[in-house]
Amino acid sequence: MAGRKAYADVSLCKGCGLCVEACPVQAIVQTTQLNEKGYEVIQVDADKCIGCGSCYTTCPDYVYEVR
Amino acid sequence: MIQTLRKPDRIVQPCGFCGGCGHGVIQRLIAECLEELGISDRAINCVDIACCFWTLDGMDLDGIAGPHGRLPAVATGIKKTRPDDIVYIHAGDGASYTIGIAETVHICLRDVPVTMIVVNNGVFGMTGGQMSLGTTLLGQATTSTPRGRNESSNGSPGDFLQALSQFDFEFAARGALYSVKEINRTKQLIKKGFQNQMEKKGFSLIEVLSACPTNWHLSPVAANKRVEEVVAAQFPLRVYKDRGGMSDG
């Protein structure tokens, strides 16, 4: 999975935090920044991301693309 | 193998569910299975009147919504007239095990080659979180049992999947969504349900334990933990029945 990273479209995020819990390397953090729907969104730290796809699997709102 | 993970093409709208709801994951698992099996073009989505109704708009598939709890009857009709199409039901536990239990029993008895996915979150989600007679756990606070479900006045829940699996149909299994591992396992169960239908075997019933953070008044993470520790202890995750011989996990 070398080189693969998670990219988040935070306009779809509802701030549920399931990906934050699922990420095995704590590369995703919950922020207090709001998206246009008014949800507090997450942020991905690309340096820490190992591209495992756990966030894609758990996210109920299809925020992630792992490529 | 480096593989890109991207939302399936058949999901065409942002999710309308509450944050942390399991329905979004189930919708994606269904779309992924249909895509991987190459049957999206001939799939017919039969949705019930409840939260799963959103998938009618959210997915670019042929779809139909029937009267509440009667989707097994609707799907039976579609499958009998269009036997080459892939017909699946996406319904909740209230529809399948409470108001529509007669239809669920009949589709099991008829053994129609349809795939039925029951989302069990233990409450009537869309109407405001009332107690579901079949699946709300004892002690669980709901809108209609604010002090917790009480055995003497509200009765006890039951394992409907186990009860139904004594009938002669193809496949019955229960999955959950509280971890990446369980989501992947649930996907295998749903895929197996569709494969049974492609091979013109009998009826497949897959129950998925899902969280309803809004009506449980828990955070999504705490709701998933409750499914893992409390709900899955009451409703075991395993394959209940498989005429084709899948191992009893």
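Owing to the predicted nature of the structure, the values given are computational and were not obtained by experimental measurement.

1. A word on the overall build of chain A
Inference 1: For chain A, the count of helices and strands is two helices and four strands.
Inference 2: The C-alpha radius of gyration computed for chain A amounts to 11 Å, which stays within 12% of the reference 11 Å derived for 67 residues, consistent with globular compactness.
Inference 3: Taking the principal axes of its C-alpha atoms as reference, chain A extends roughly 35 × 20 × 15 Å.
Inference 4: Within the span of chain A, comprising 67 residues, buried residues form 46% of the whole.

2. Here we look at the interface of chain B and chain A
Inference 1: Counting residues at the interface gives 27 residues for chain B, matched by 24 residues for chain A.
Inference 2: Summed over both partners, the interface of chain B with chain A buries about 2100 Å², with 61% contributed by carbon and sulfur atoms.
Inference 3: Taken together, the links from chain B to chain A amount to one salt bridge.
Inference 4: Here Glu65(A) makes a salt bridge to Arg6(B), at a shortest N to O gap of 3.2 Å.
Inference 5: For the pair chain B and chain A, the number of links is 12 residue pairs in polar contact (both at pLDDT 80 or more).
Inference 6: Broken down by secondary-structure element, the contributors of at least two residues to the side of chain B that touches chain A are helix H1 (22-37), helix H8 (180-198) and helix H10 (220-234) of chain B.
Inference 7: It is H1(B) that provides the largest number of residues to the side of chain B that touches chain A, a total of five residues.
Inference 8: Looking at the side of chain B that touches chain A residue by residue, the class counts come to 14 nonpolar, nine polar and four charged.

3. So, the pattern of salt bridges
All names here are of chain B.
Inference 1: As enumerated under the stated definition, the model contains 19 salt bridges over all chains in all.
Inference 2: Among the salt bridges present, the one from Asp85 reaches Arg82, with a minimum N-O distance of 2.8 Å.
Inference 3: Between Glu207 and Arg174 there is a salt bridge, with its nearest N and O atoms 2.9 Å apart. Placement of Glu207 in strand E8 (residues 204-209) and of Arg174 in strand E7 (residues 171-176) is noted, with a sequence separation of 33 residues between them.
Inference 4: Judged by its relative accessible area of 1%, Glu207 falls in the buried class.
Inference 5: Accessibility expressed as a relative area gives 0% for Arg174, which makes it buried.
Inference 6: Through salt bridges with shared partners, one network takes in Arg28, Glu32, Glu36, Lys187 and Lys191.

4. Some points on the packing of helix H3 (residues 71-81) of chain B against helix H5 (residues 101-110) of chain B
Residue and element names in this part refer to chain B.
Inference 1: Across the interface, H3 lies against H5 with an axial gap of 7 Å and an inter-helix angle of 35 degrees. Contacts from Pro72, Ala73 and Thr76 of H3 reach H5 at Glu103, Thr104, Ile107 and Arg110.
Inference 2: A class-by-class count of the residues in the contact of H3 with H5 yields three nonpolar, two polar and two charged.

Thresholds applied
- Residues numbered from 1 in each chain as written.
- Chains lettered and ligands numbered in written order.
- Predicted model: local features only at pLDDT ≥ 70, side-chain atom pairs only at ≥ 80, totals over all residues.
- Heavy atoms only, no water.
- Helix = DSSP H or I, 4+ residues; strand = E, 2+ residues; numbered from the N terminus.
- Rg over C-alpha atoms; globule rule 2.2 N^0.38 Å.
- Buried < 20%, exposed > 50% of the residue type's maximum accessible area, 1.4 Å probe, protein only.
- Contact = heavy atoms within 4.5 Å.
- Buried area = accessible area lost by both parts, 1.4 Å probe.
- Salt bridge = Lys/Arg side-chain N within 4 Å of Asp/Glu carboxyl O.
- Polar contact = N/O pair within 3.5 Å; in protein donor to acceptor, adjacent residues only side chain to side chain.
- Nonpolar A, V, L, I, M, F, W, Y, C, P; charged D, E, K, R; others polar.
- Axes fitted to C-alpha atoms, helices over the stretch in contact; angles between N-to-C directions.

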